[in-house]
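# Results of the structural survey
Single-letter residue listing:
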Amino acid sequence: MAYTSNGAAIEADEEGYLTDINQWNEDLAGQIAKDEGITMTPEHWEVVNFLREYYSEYQIAPAVRVLTKAIAKKMGPDKGNNKYLYELFPYGPGKQACKIAGLPKPTGCV
Amino acid sequence: MAAAPFDIPALGDPAEHPVPALKPGAMAASKPYVAAEAHQQPLGFPGELAEGWEKRAIDHMGGLLSKYRSLQVFMDICVKCGACTDKCHYFLGTGDPKNMPVARADLFRSVYRRYFTPVGKIAPGLVGARDMTREVLDEWYSYFHQCSQCRRCSVFCPYGIDTAEISMAARDIMDSIGQGQKYCNEIIGKVHRIGNNLGLPAPALLDTLEGLEEDILDETGVPVKLPVDVAGAEVLLVTPSADFFAEPHVLGLIGYAKVFHAAGVSWTLSTKASEAGNFGMFIGNYEQMKKISMRIREAARELGVKRIIFGECGHAWRVAYSFLNTLAGPWDFLDSRYPVPQHILEFTSDLIRRKGIRLDKSGNDGMVLTVHDSCNVARGARMGTEPGGQFTIPRAVIAASVPKLVDMHPDTICDKTFCCGGGGGLLTDELIELRVKGASPRMEALKDVVDKQGVTHMAAMCAICKAQFTKILPYYDFDREMVVSVHQLVSNAIVLGDND
């Protein structure tokens, strides 16, 4: 499948994960989120931006616990937990937030 | 949670064994994504189906029949007694008659008869023999990816026909002609390229483990370490990479670390063998199984460890317990006083028995546990030295850690355990309907003990089971955090420090 953003076609895999992370932009993130039934709020962006920062350093999405700790630091300890992340991304913060952030899908027994 | 676009099976009484009404073709459209060339070629498989694939498939089948006598016997010996028909969780959850184990095996058997039996060659119509065609291949692709290779049917088969082996053979044939499954083959490629199923590179692993050490210190005040690539350590721990990444897996990993710490045994993880899982088994490919296993040997050699211990991973333990010696042995360089390899539950259980660690059940106050036997541990391996150790040892460890442990219905545990619904290379999002429906027998038995005995949590000892239950529990109105790692319970109960 493919998305269209700013007039350009952007390639994605069968499930809608971008095949090239460098083609990501904020407009596209909003579009992917909408397809997932999510309206992006500043809290969603905090998560998405952290995922992208972490990925650019480590070439992988952060472990769930690394993410919750980072969110606790940025947004307060009451939000640094799995339940809160599931509220933001109901299909699972790992997979759904990665898709919106343009990251590849985490694979394996997760 | 948004409503699912499919029906959720109703849960009844596990003692009644209701057989669902037949729904022919109900799951005919269920199939995982096909592997692209980029996922096939690193494993040495053709990138796509090419002309002449039918003959190559039959040639490959012939090779497997002569290599594995068991497969040949399974093809010939079935008497259609029907004992297996209502034993598969995917049949019970979907009602699709092709998910009866005998019907699934017949998808393979019908082709076998056409090309490898005298009557099938001359009069195929008489014996239900079929040509290998695109239609047959599509059916194989769909229904051999609706078998989690859990082997429950084989327990009830009077001849011991193992549908898992048939499904492995079918997948191997499909890989060999360019019709591979994306989920498994992409993951195996990551193991070769990066070292684990997740694709977690060494720097990310180190960063993650450092964070966990900080967490444990904050929580307990004790500097429990998660060492990596430490040469000369006593134990190499090989664990599924999900233990570094997902919940509740990571809580189990913390538990292993606390046990090693409390026991005073030096241990290390390895960046080279940063994965216990071996998806080579799911795709039925011996060469891949061997190649994946060899990383463990190399890591053990390089680090000079004396023992190898496996973390909580069902199919990894089957590969380790049943095949590791032939795949990657001999292990004569390890300490022969210990089992090669050993399971973390054997290690912990032994320490509990010898009072090498102390557990305080109040760490799990308020929890009533039940335990899900992982299919590959239950039916593909053993623990300890006694028959049935794979059932008694996990239960002994849990019972020592929690105030109360109860079992689910006897027809759903131990050697009759149901698959979680996501095993055997099916733990992928596009198969969610199959996974939810296939989990219904387990959910039925769970609901029974929740309602009647006040169970609050279910312990699992396999990364796939943990991920599967976390995902599907909410479909049955259970909390996703109801599934816990066995060593998470140990972690909550263990007394750290002052163990002399």
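About the criteria used
- Residues numbered from 1 in each chain as written.
- Chains lettered and ligands numbered in written order.
- Predicted model: local features only at pLDDT ≥ 70, side-chain atom pairs only at ≥ 80, totals over all residues.
- Domains from an automatic or database assignment.
- Contact = placed C-beta atoms within 7 Å.
- Helix = DSSP H or I, 4+ residues; strand = E, 2+ residues; numbered from the N terminus.
- Nonpolar A, V, L, I, M, F, W, Y, C, P; charged D, E, K, R; others polar.
- Axes fitted to C-alpha atoms, helices over the stretch in contact; angles between N-to-C directions.
- Parallel < 35°, antiparallel > 145°, perpendicular 65-115°, else oblique.
- Left-handed = near helix turned anticlockwise from the far one by under 90°.
- Pairing = 2+ DSSP bridges.
- Buried ≥ 20, exposed ≤ 12 C-beta atoms within 10 Å, placed from the backbone.
- UniProt positions renumbered as here; feature names shortened; annotations may be inferred.
- Expected span 1.5 Å × (residues − 1).

### Topic: the domain arrangement of chain B
Residues and elements named next belong to chain B. In terms of domain boundaries, chain B breaks down into domain 1 (37-186) and domain 2 (194-406 + 455-493). Contact residues are listed per partner, giving twelve residues for domain 1 and nine residues for domain 2. For the side of domain 1 that touches domain 2, the elements supplying multiple residues, two or more each, are helix 8 (152-156) and helix 9 (163-176). Its residues placed into classes, the side of domain 1 that touches domain 2 shows six nonpolar, one polar and five charged.

### A look at the packing of helix 2 (residues 53-67) of chain B against helix 9 of chain B
Residues and elements named next belong to chain B. Between helix 2 and helix 9, the least distance of the axes is 9 Å, while the angle of their chain directions is 140°. With respect to each other, helix 2 and helix 9 are oriented oblique. The element helix 2 and its partner helix 9 pack so that their crossing is right-handed. Counted together, Arg56, Ala57, His60, Met61 and Leu64 of helix 2 and Ala169, Asp172, Ile173 and Ser176 of helix 9 form the full contact between these two elements. Of the residues in the contact of helix 2 with helix 9, the class split is five nonpolar, two polar and two charged.

### Some remarks on the sheet that holds strand 4 (residues 342-343) of chain B
Residue and element names in this part refer to chain B. Pairing is parallel across the open sheet formed by four strands, whose spatial order is 2-1-3-4. Unpaired on one side and paired on the other, strand 2 (267-268) and strand 4 mark the two borders of the sheet. As defined by bridge partners, strand 1 (residues 235-238) adjoins strand 3 (residues 307-310) across four bridges and the pair is classed as parallel. Note that in strand 3 the partner of Leu236 across the bridge is Ile308.

### Here's the deal with the packing of helix 13 (residues 286-303) of chain B against helix 14 (residues 314-328) of chain B
Packed helices, taken two at a time, are described by the angle their axes make and the gap between the axes. Residues and elements named next belong to chain B. Where helix 13 contacts helix 14, the two axes come as close as 10 Å, and the packing angle between them is 85°. Judged by the angle between their axes, helix 13 and helix 14 are roughly perpendicular. Together, Met289, Lys290, Ser293, Met294, Ile296 and Arg297 of helix 13 and Val319, Leu324, Leu327 and Ala328 of helix 14 make up the contact between the two elements. The residue inventory of the contact of helix 13 with helix 14, partitioned by class, reads seven nonpolar, one polar and two charged.

### Side note on the interface of chain A and chain B
In this assembly, 17 residues from chain A lie in contact with 30 residues from chain B. Looking at which element gives the most residues to the side of chain A that touches chain B, the answer is helix 3 (residues 64-75) of chain A, with four residues. Here the residues of the side of chain A that touches chain B sort into nine nonpolar, four polar and four charged.

### Let's talk about the pairing of strand 5 (residues 368-372) of chain B
All names here are of chain B. Burial runs high along strand 5: four of the five residues are buried. Pairing analysis gives two bridges linking strand 5 to strand 6 (residues 404-405), with the strands arranged parallel. Within strand 6, the position partnered with Val368 by the bridge is Lys404. With four bridges connecting them, strand 5 and strand 7 (residues 457-460) associate as parallel partners. Looking at the pairing, Val371 lines up with Ala459 of strand 7.

### A few points about the sheet that holds strand 6 of chain B
All names here are of chain B. The strand order across the open sheet formed by four strands is 6-5-7-8, and the pairing between neighbours is parallel. Edge strands, defined here as strands with exactly one partner in the open sheet, are strand 6 and strand 8 (483-485). Helix 17 (residues 389-401) contacts strand 5, strand 6 and strand 7 of the sheet and is inclined by roughly 165° relative to strand 5.

### Brief notes about the UniProt feature "active site" (unreviewed entry) in chain A
Listed under "active site" (unreviewed entry) in the UniProt record, and renumbered for this structure, are Cys109 of chain A. Its place among the elements puts Cys109 of chain A in the segment after helix 5 (93-100). The residues contacting Cys109 of chain A, other than those within four sequence positions of it, are Asn197, Pro240, Ala242, Gly277, Leu427, Ala463, Ile464 and Ala467 of chain B.

### Quick notes on helix 13 of chain B
Residue and element names in this part refer to chain B. In this model helix 13 runs 26 Å from its N-terminal to its C-terminal C-alpha over 18 residues, within 8% of the 26 Å that 1.5 Å per residue would give. Those residues of helix 13 that sit buried are Gln288, Met289, Ile292, Ser293, Arg295, Ile296, Ala299 and Ala300. Residues of helix 13 that are buried in the fold lie against helix 10 (182-193), strand 1, strand 3 and helix 14. Of the residues flanking the end of helix 13, it is Gly304, one or two places downstream, whose phi is positive at about 65°.

### Looking at helix 12 (residues 249-263) of chain B
In an α-helix there are 3.6 residues to a turn, and that puts residues three or four apart on one side. All names here are of chain B. The end-to-end C-alpha separation of helix 12 is 22 Å, in line with the 21 Å expected for 15 residues at 1.5 Å each. In terms of residue burial, helix 12 counts as a mostly covered element, since 14 of its 15 residues are buried. Following helix 12 by one or two positions, Gly264 has its phi on the positive side, about 70°.

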